[in-house]
Amino acid sequence: MAEDLDDLLDEVESKFCTPDLLRRGVVEQPKGCHGGTHSSDRNQAEAKENLRSTETFKREDELDSLINEIFEEPNLDKKPSKLKSKSSGNTSVRASIQGLGKSCSPVYLGGSSIPCGIGTSISWRACDHLRCIACDFLVVSYDDYMWDKSCDYLFFRNNIPEFHKLKAKLIKKKGTRAYACQCSWRTIEELTDLQTDRQLRWVCGKH
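Criteria and cut-off values
- Residues numbered from 1 in each chain as written.
- Predicted model: local features only at pLDDT ≥ 70, side-chain atom pairs only at ≥ 80, totals over all residues.
- Heavy atoms only, no water.
- Pairing = 2+ DSSP bridges.
- Helix = DSSP H or I, 4+ residues; strand = E, 2+ residues; numbered from the N terminus.
- Axes fitted to C-alpha atoms, helices over the stretch in contact; angles between N-to-C directions.
- Salt bridge = Lys/Arg side-chain N within 4 Å of Asp/Glu carboxyl O.
- Buried < 20%, exposed > 50% of the residue type's maximum accessible area, 1.4 Å probe, protein only.
- Core = buried A, V, L, I, M, F, W, Y, C linked by side-chain atoms within 4.5 Å.
- Contact = heavy atoms within 4.5 Å.

- Identification of the protein chain as Cilia- and flagella-associated protein 418 from Callithrix jacchus is taken from an unreviewed UniProt entry.

Description of the sheet that holds strand E5 (residues 185–188)
- Reading across the sheet, the three strands line up as E3-E4-E5 and stay open at both edges, with antiparallel pairing between neighbours. The open sheet terminates on both sides in strands that have one partner only, identified here as strand E3 (140–147) and E5. In this sheet, adjacent strand axes meet at a mean angle of 35° when their direction is disregarded.
- Judged from the seven bridges that link them, E3 and strand E4 (residues 170–180) form a sheet pairing that is antiparallel. Residue pairing for E4: Ser-141 is matched across the bridge by Tyr-179.

Regarding the pattern of salt bridges
- The tally for this structure, following the rule as stated, stands at four salt bridges.
- A salt bridge links Lys-173 to Glu-189; the shortest N-O distance between them is 3.6 Å. On the criterion of sequence distance, the pair formed by Lys-173 in strand E4 and Glu-189 in the loop between E5 and strand E6 (192–193) is long-range, its members being 16 residues apart.
- Given the relative accessible area of 33%, Lys-173 is considered partly exposed.

Comments concerning unusual backbone geometry
- Of note, the bond from Ser-105 into Pro-106 is cis; its omega dihedral lies within 30 degrees of zero at -5°.
- Residue position: Pro-106 is located in the loop between helix H3 (36–100) and strand E1 (108–109).
- Here the amide bond leading from Ile-160 into Pro-161 is cis, since omega sits at 5°, within 30 degrees of zero.
- Looking at where Pro-161 falls in the secondary structure, it is placed in the loop between helix H4 (153–159) and helix H5 (163–166).
- A positive phi is found at Asp-136, a non-glycine position, where the angle reads about 60°.
- With respect to the helices and strands, Asp-136 occurs in the loop between strand E2 (130–132) and E3.
- In this structure Asp-136 comes out as exposed when scored by relative accessible area, which is 53%.
- The phi dihedral of Asp-144 falls on the positive side, at around 60°, and the residue is not glycine.
- Turning to its location among the elements, Asp-144 is positioned in strand E3.
- Overall, Asp-144 belongs to the partly exposed group, its relative accessible area being 24%.

Brief notes about the nonpolar core
- One finds Val-107, Leu-109, Leu-130, Tyr-179, Leu-194 and Trp-202 to be the most contacted residues of the largest nonpolar core, which totals 17 residues.
- Going through the elements one at a time, E2 and strand E7 (202–204) are the ones with two or more residues in this core.
- Excluding residues that lie within four positions of it along the chain, Leu-109 makes contacts with Ala-126, Leu-130, Tyr-179, Ile-188, Glu-190, Leu-191, Thr-192, Leu-194, Leu-200 and Trp-202.
- By size, the runner-up hydrophobic cluster in this structure holds twelve residues, among which are Trp-147, Cys-151, Phe-155 and Ala-180.

Below, the structure written as structure tokens:
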């Protein structure tokens, strides 16, 4: 009778006390089959804990990979944008620096021997983009010409900026430069700072 019971217990143990069932917490581990209720509960708890820890590690790995993807992808986008912003910033700085050098300071007038361009305190050039702020006309200039003494306000008002009309009052003279807007006119031979002529309302029109 005792031998039959042992055989029966061994059979039950081999059939029902398998590792898969233990992982699910259905039955206790083989050792717990003979150890009573407390060992069974403890083994079940351990099996559940192992499952939880395994699932937790899996979830943590998935989360880590997702976080890495999230942080890695925007960095690739950010780098070019930073480079773009830097380059655009440098371009605007360069443009502003160039802009500072585009207008004459001081503004010079000059005869035909004085080269035209952007005048500065160290580069003596006659401004070739003069504008009058009184009549709002561009100032015309003609090399190796001077204005006839008979010129008057009405002549320029009616004929500026047509050269074929203005030439009626232009006289050829080597080394001079004839300037005129609709309300003012000058014949210049030497390099002249515009500020010395208070009557002229001419400014450098370069931007």
